[in-house]
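So the chains spell out like this:
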Amino acid sequence: MANMSYCAAENTLRAVEQLNGLIDDGEKDDDVVAKRHEYRALRDLLIETDELQERIEYLLDKHAQ
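Source: prediction; values computed, not measured.

Caption draft 1: Inspection of the overall build of the protein at higher detail. Assigned secondary structure in the protein consists of three helices and zero strands. Against the 2.2 N^0.38 benchmark of 11 Å for 65 residues, the protein shows a C-alpha radius of gyration of 14 Å, more extended than a compact globule. Structurally, the protein occupies a C-alpha span of about 45 × 25 × 20 Å along its principal axes. Taking all 65 residues of the protein together, 5% fall into the buried category. In the structure as shown, the protein presents an accessible area of about 6,000 Å², 54% of it carried by carbon and sulfur atoms.

Now the structure itself:
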């Protein structure tokens, strides 16, 4: 389900924090090995987060006070 624009960053932050916790706890290890789609999703997420970081930095710099 897509996020509403007014809360997309907040909801995505929660999802990223959850994923970080799963990775830290070793709960994604089996998924990466056994589930090819999860491996691809994590690889694609790595690429998307690089692009997202650049966009966020631009947006924050643009509106810095």
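Caption draft 2: Here's a closer look at a negative patch on the surface. A cluster of acidic side chains, namely Asp50, Glu54, Glu57 and Asp61, defines a negative patch on the protein surface. For glutamate 57, the location among the structural elements is in helix α3 (residues 36–62).

Caption draft 3: Molecular detail of the pattern of salt bridges. Under the counting rule described, the total for this entry stands at six salt bridges. Among the ionic pairs, arginine 43 bridges to aspartate 44, the shortest N-O distance being 3.6 Å. A relative accessible area of 38% places aspartate 44 in the partly exposed class.

Caption draft 4: Highlighting the layout of surface pockets. Empty space within the largest pocket amounts to approximately 540 Å³. In this structure, the largest pocket is lined by 15 residues; those nearest its centre are Thr12, Val16, Leu45, Thr49 and Leu52. Along the lines of polarity and charge, the residues of the lining of the largest pocket split into 11 nonpolar, three polar and one charged.

Cut-offs applied
- Residues numbered from 1 in each chain as written.
- Predicted model: local features only at pLDDT ≥ 70, side-chain atom pairs only at ≥ 80, totals over all residues.
- Heavy atoms only, no water.
- Helix = DSSP H or I, 4+ residues; strand = E, 2+ residues; numbered from the N terminus.
- Rg over C-alpha atoms; globule rule 2.2 N^0.38 Å.
- Buried < 20%, exposed > 50% of the residue type's maximum accessible area, 1.4 Å probe, protein only.
- Areas by Shrake-Rupley, 256 points an atom, 1.4 Å probe, with all protein chains shown as cover.
- Patch = residues over 30% accessible without salt bridge, like charges linked within 9 Å, V, L, I, M, F, W, Y side chains within 5 Å.
- Salt bridge = Lys/Arg side-chain N within 4 Å of Asp/Glu carboxyl O.
- Lys, Arg positive; Asp, Glu negative; His and termini not counted.
- Charge placed at Lys NZ, Arg CZ, Asp CG, Glu CD.
- 1 Å grid on protein atoms, 1.4 Å probe; cavity = no way out; pocket = protein on both sides within 12 Å on 5 of 7 lines; lining within 4 Å.
- Points joined across faces, edges and corners; volume = space filled by probe spheres on them.
- Nonpolar A, V, L, I, M, F, W, Y, C, P; charged D, E, K, R; others polar.

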